[in-house]
Structure formats: structure tokens, C-alpha cells
Amino acid sequence: MLGDADYVALASFRHAIRRFQAFSEEKAIEVGLTPQQHQALLTIRGCPSDEATVGHVAERLILKPHSATGLINRLEALALITREAAAIDRRRALLRLTPKAYALLDALSAVHREEIQRLRPVFTGIFEQLG
């Protein structure tokens, strides 16, 4: 059974996550991206090159395939990604970041890492409270 301290810790956890999400959304908007576009670029950058597909982006962002396709189309129109036919299955499109996307993502990731390091003690304390 959960006690009052557990509810305090869970509420603090949700608040800390929301604060980080608000920070992340604000930083993406400052560089001209939507939060979802930022997350898609990060997803593509953070996976093995042979797994960077629309399906992978849909899975990681918890999107329906047609929504992920629209997102990828917008990123392509912004010259942030390109599609490349896979070597083994030419019907499969692999997503590649452009130099412009790498530059945006490098800047965003640096400030995100700083914020995560700043929040680390907050999350550590919450995790200790939750046992």
C-alpha cells in the first residue's frame, strides 16, 4: 500500500518530468523546430543507421504510421532529413540527417545535457524516496 510519502514522491516526479518537457519544448521552438520535430531528429540520430525508418520514428514517438510519415515529410521539406533506399531492401527508406539537422541537434543536445545534469540531484532524490 502506498503512503503519503509515496504520493509526494510521485507528484514530485511528474512535476520534474513536466518541467524538463517544458524546457525542452521551449528550446526546440527557439531554434525553429516543433517539439515533435526535435524528438524525431533525436530519434534518428540516436539509432543505428540501418534502423532509422519512418516506422522506428513512429514507434519511438508513439505515433500512428501516417502521422510519422507526415512528420518526416515536413522534416524533409525543411531540408533536415533525406531518404535513402536501403542496400538490402531497396523498397525500405532509411532516414538520414542533413548537416543542417546535425547543427541544430548538436546545439539543442548540449543545452539539454546541461539541464539534465542540473536536474540529476532532483531525480536522484525522488528515486531514493520511491525506494
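Placed above this text is the structure.
Predicted model only: the values in this text are computed from it and were never measured.

### Considerations on the overall build of the chain
A tally of regular secondary structure across the chain gives 5 helices and 2 strands. The C-alpha radius of gyration of the chain comes to 18 Å, more than 25% above the 14 Å expected for a compact globule of 131 residues. Here the C-alpha coordinates of the chain stretch approximately 55 × 35 × 20 Å along the principal axes. Across the 131 residues of the chain, 32% fall into the buried class.

### Some words on the environment of Asp106
Looking at where Asp106 falls in the secondary structure, it is placed in helix H5 (residues 99–130). Sequence separation between Asp106 and Leu42 is 64 residues, and the spatial gap between their C-alpha atoms is 9.7 Å.

### Some points on the packing of helix H3 (residues 54–61) against helix H4 (residues 65–77)
Direction vectors running N to C along H3 and H4 enclose 110°, while the axes themselves pass 9 Å from each other. Classified by the interaxial angle, the pair formed by H3 and H4 is roughly perpendicular. When the axes of H3 and H4 are compared, the crossing they make is right-handed. Residues Val54, Val57, Ala58 and Leu61 of H3 form the contact with H4, whose participating residues are Pro65, Ala68, Thr69, Leu71 and Ile72. Looking at the contact of H3 with H4 residue by residue, the class counts come to 8 nonpolar, 1 polar and no charged.

### Quick notes on the pairing of strand E2 (residues 93–97)
Each regular strand shows side chains that alternate between the opposite faces of the sheet. Burial within E2 is extensive, with 4 of its 5 residues counted as buried. Direction of pairing for strand E1 (residues 81–85) relative to E2: antiparallel, over a ladder of 5 bridges. If you follow Arg83 over to E2, its bridge partner there is Leu95.

### Examining the packing of aromatic side chains
Counted under the stated rule, the structure contains 4 aromatic pairs. Here the aromatic rings of Phe13 and Phe123 are separated by 6.0 Å at their centres, their planes lie at 80°, and the arrangement is edge-to-face. Of this pair, Phe13 sits in helix H1 (residues 4–30) while Phe123 sits in helix H5, and the two are 110 residues apart along the sequence. What makes Phe123 buried here is its relative accessible area of 18%. Judged by centre distance (6.1 Å) and plane angle (35°), the rings of Phe123 and Phe127 are tilted. Within this pair, Phe123 and its partner Phe127 are both found in helix H5, separated by 4 residues, close to a single helical turn. Put simply, the rings of Phe13, Phe123 and Phe127 pair up and form one aromatic cluster.

Procedures and definitions
- The written sequence of each chain sets the order in which its residues are numbered from 1.
- Note on the predicted model: pLDDT of at least 70 is required for a residue's local features to be given, and 80 or more for side-chain atom pairs to be given and counted; whole-chain, interface and lining totals, by contrast, use all residues.
- With hydrogens and water excluded, all non-hydrogen atoms of the structure serve as input to the side-chain values.
- Only DSSP runs of H or I reaching four residues or more are called helices, and only runs of E reaching two or more are called strands; each is numbered from the N terminus.
- Within these notes, the globule rule equals 2.2 Å times the number of residues to the 0.38 power, and the radius of gyration is based on C-alpha atoms.
- Throughout, exposure labels follow a simple rule: accessible area from a 1.4 Å probe, protein chains only, divided by the maximum for the residue type, with under 20% read as buried, over 50% as exposed, and the rest as partly exposed.
- Geometry is summarised by axes, namely lines fitted to C-alpha atoms with helices restricted to the contacting stretch, and by angles between N-to-C directions that run from 0 to 180 degrees.
- These descriptions rest on fixed angle ranges, namely under 35 degrees for roughly parallel, over 145 for roughly antiparallel, 65 to 115 for roughly perpendicular, and the rest for oblique.
- It is the rotation of the near helix from the far one that decides the hand of a crossing: anticlockwise by less than a right angle makes it left-handed, clockwise makes it right-handed.
- Residues count as neighbours in contact if any of their non-hydrogen atoms are within 4.5 Å of one another.
- For this classification, Asp, Glu, Lys and Arg are treated as charged, while Ala, Val, Leu, Ile, Met, Phe, Trp, Tyr, Cys and Pro are nonpolar and the rest, including Gly, are polar.
- A pair of strands is labelled paired if DSSP reports no fewer than 2 bridges between them.
- Between rings of Phe, Tyr and Trp, where Trp is taken as its six-membered ring, a pair exists when centres lie within 6.5 Å; planes separated by under 30 degrees are stacked, by over 60 edge-to-face, and by other angles tilted.

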